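Geometric and topological summary
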Amino acid sequence: ILSYHFFEEGTMALITISRQLGSLGSEIANKLKSELNYRFLDKESLEKTLSEYGIDEEYVEKCDEKKPGFWESIALDKDRYLHFVKKAILEFSLNGSGIILGRGGQLILKGLPATLHIRFVAPLDHRVSRVSSIYNCDTSHAVKIIRQSDSDRAGFHKYFFYSDWDAVEHYDIVFNTMAYSEKTMIKTIRTIIESDEFLVHEAAAKKNLKDLCLGQEVLTRILYREKISVQFIEAIADDGTITLRGTTIAGGDIKKCDDIAAETPGVKTVKNEISFIPISYGMT
């Protein structure tokens, strides 16, 4: 059952972090977590949550910031994986201030108020030096590791979000970690999330997250609990009102979706705009 546990005291801020391998992004994210005393959603904690949702661990590992191979991409249930990643990130965000490391957080929370999207980059030679040290390997091997990591992360974003991982418009601030000290970068981040321009949007962020989580819970019940097949389904929440959209070749599924949404805790009203399209019209 979905529940809401916002921190009633203090401020709420969400930070998503994207980072190149060897840019020190993960290290800075962990330092930021400690200094701000924020909750942290990284690979390990996300995998634990997905496991609780019933997502196979081996499947998660194949998808984790990687682009599945051509034959795998046919076999893997892409929509199911992405649905539960979104669910995990939204429910994590719902519970107050936190840092989300990778996993497309900047795209899942795109446009959400009181959220700061950060990217850490560094020149290749600096990345190579750091990776060589971490993996105790020579320069040639370090370059291969970096290229594979960049390819995997770019492929993950393109495959699951149809998005360019490097596109600067996805981020509010991009740090070159060669140019700035860790202290300066963390101070800059704190200045932003503690600013009046940021905090004024806190109430809107909480309201939006409640709506997003409620919509995601309705989709979970329709698609993955009751396994009703509706094409292009959306569940848009607004203060307890759910608007359902999509198409189906089974007319009876429209009423089923209506009933499931109405029975979801937190839903007050259902507006059902799902369309019936007979299979004779070419729906597959």
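Figured I'd write up the structure that's included with this text. These numbers were taken from a predicted model, which means no experiment stands behind them. Think of each chain on its own: its residues are numbered from 1, step by step along the sequence as written. Only residues with pLDDT of 70 or above have their local features reported here, since the model is predicted, and side-chain atom pairs are shown and tallied only from 80 upward, although totals for entire chains, interfaces and linings are computed over all residues. In computing side-chain properties, one takes all heavy atoms of the structure into account and sets aside hydrogens as well as water.

This next bit is on the nonpolar core. Only buried residues count toward a nonpolar core. Its members are Ala, Val, Leu, Ile, Met, Phe, Trp, Tyr and Cys residues joined through side-chain atoms within 4.5 Å. With a 1.4 Å probe rolled over the protein chains alone, any residue whose accessible area is under 20% of its type maximum counts as buried; one over 50% counts as exposed, and the rest are partly exposed. Counting 50 residues, the largest nonpolar core has I15, I17, L109 and I118 as the members making the most contacts within it. V218, A235, L244 and I260 belong to the second largest nonpolar core, which has 16 residues in total.

For this analysis, a salt bridge means a side-chain nitrogen from Lys or Arg found within 4 Å of a carboxyl oxygen belonging to Asp or Glu. A complete count under the given rule lists 14 salt bridges for this structure. A salt bridge links D166 to R119; its shortest N-O distance comes to 2.5 Å. In this pair, D166 sits in the loop between α8 (139-161) and β5 (173-176) while R119 sits in strand β4 (residues 115-121), placing the two residues 47 residues apart along the sequence. Taking relative accessible area as the criterion, D166 reaches 42% and is therefore assigned partly exposed. The buried category is assigned to R119, whose relative accessible area is 4%. K207 is the salt-bridge partner of D238, the closest N and O atoms lying 2.7 Å from each other. In this pair, D238 is assigned in strand β6 (residues 231-238) and K207 in helix α11 (residues 202-225), connecting sequence segments 31 residues apart. The exposure class of D238 is partly exposed, given its relative accessible area of 43%. Salt bridges sharing common partners tie together K87, E91, E217 and R221. Counting from the N terminus, the helices are the DSSP runs of H or I reaching at least four residues and the strands are the DSSP runs of E reaching at least two.

To continue, consider the sheet that holds strand β7 (residues 241-248). Two strands in a sheet stick together by hydrogen bonds in their backbones, pointing the same way (parallel) or opposite ways (antiparallel). Strand pairing is assigned whenever DSSP detects at least two bridges linking the two strands. Here three strands make up an open sheet; going across it, the order is β6-β7-β8 and the pairing mixed. Since the sheet does not close on itself, it has two edges, and those belong to β6 and β8 (269-276), each with one partner. Each neighbouring strand pair of the sheet contributes to a mean axis angle of 10 degrees, computed without reference to strand direction. In this structure, β6 lies alongside β7, joined through six bridges in antiparallel fashion. When the bridges of β7 are listed, D238 appears paired with T241. Sheet strands touched by α11: β6 and β7. Its angle to β6, the strand with the most contacts, is close to 140 degrees. The strands touched by helix α12 (residues 252-263) within the sheet are β7 and β8, with β8 carrying the most contacts at an inclination of about 160 degrees. Axes, fitted as lines to C-alpha atoms, cover a helix only where it is in contact. Angles between the N-to-C directions of the axes lie from 0 to 180 degrees. Whether two residues are in contact is decided by their heavy atoms, any of which lying within 4.5 Å being enough.

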